[in-house]
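# Geometric and topological summary
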Amino acid sequence: QVQLVESGGGLVQAGGSLSLSCVGSGIIVSIATMGWYRQAPGKQREVVATITSGGTSNYADSVKGRFTFSRDNAKNTVYLQMNSLKPEDTAVYYCAARIPGSLEFRYWGQGTQVTVSS
């Protein structure tokens, strides 16, 4: 059974930083494409960043230069370091995994709330 568990969300002032973690079980994150998504109230879920098994990361334009996606294979954990946070970054953030051979992110965490106050 695959489980992804996020942590690290919270309330922060604009300009501040937060680091999100996502621990995988039943899945080896190093061989999967991992993603961070977010969903703000009243909006559709959007991709924030992805990282391939080869270590190539891609970011949404809105977070480029501010967010960093990393992976610790020994801990089977991925991270999203978020700096220079803005109120528009407020959302529930989800970790997701796409296993090799799959076209979609099949596995999702429960989400963690990030709130950025102005």
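Residues numbered from 1 in each chain as written. Predicted model: local features only at pLDDT ≥ 70, side-chain atom pairs only at ≥ 80, totals over all residues. Heavy atoms only, no water.

In terms of strand pairing, strand E4 (residues 33-39) meets strand E5 (residues 46-51) through 5 bridges, oriented antiparallel. Residue pairing for E5: Arg38 is matched across the bridge by Glu46. Between E4 and E5, which pair antiparallel in sequence order, lie 6 residues; one of them, Gly42, sits at a positive phi of approximately 75 degrees. Bridging between E5 and strand E6 (residues 57-59) involves 3 bridges; their strand directions are antiparallel. Bridge assignment links Thr50 to a residue of E6, and that residue is Asn58. Here E5 folds back onto E6, and the loop between the two strands holds 5 residues, one of which, Gly55, carries a positive phi near 95 degrees. (Pairing = 2+ DSSP bridges. Helix = DSSP H or I, 4+ residues; strand = E, 2+ residues; numbered from the N terminus.)

To continue, consider the state of the cysteines. One pass over the full model with this rule turns up 1 disulfide. The residue that forms a disulfide with Cys22 is Cys95, at a sulfur-sulfur distance of 2.1 Å. On the sign convention where negative means left-handed, the S-S torsion of about -75 degrees between Cys22 and Cys95 marks this disulfide as left-handed. Placement of the pair is Cys22 in strand E3 (residues 18-25) and Cys95 in strand E9 (residues 91-98), with a sequence separation of 73 residues. (Disulfide = S-S within 2.5 Å.)

Considering the arrangement of structural elements, one finds Arg66 in the loop between E6 and strand E7 (67-72). Relative accessible area serves as the criterion here: at 9%, Arg66 is assigned to the buried category. Within polar-contact distance, the side chain of Arg66 engages the backbone oxygen of Ser84 at 2.9 Å. Here Arg66 is in contact with Gln81, Met82, Asn83, Ser84, Leu85, Lys86 and Asp89, once residues within four sequence places are set aside. (Buried < 20%, exposed > 50% of the residue type's maximum accessible area, 1.4 Å probe, protein only. Polar contact = N/O pair within 3.5 Å; in protein donor to acceptor, adjacent residues only side chain to side chain. Contact = heavy atoms within 4.5 Å.)

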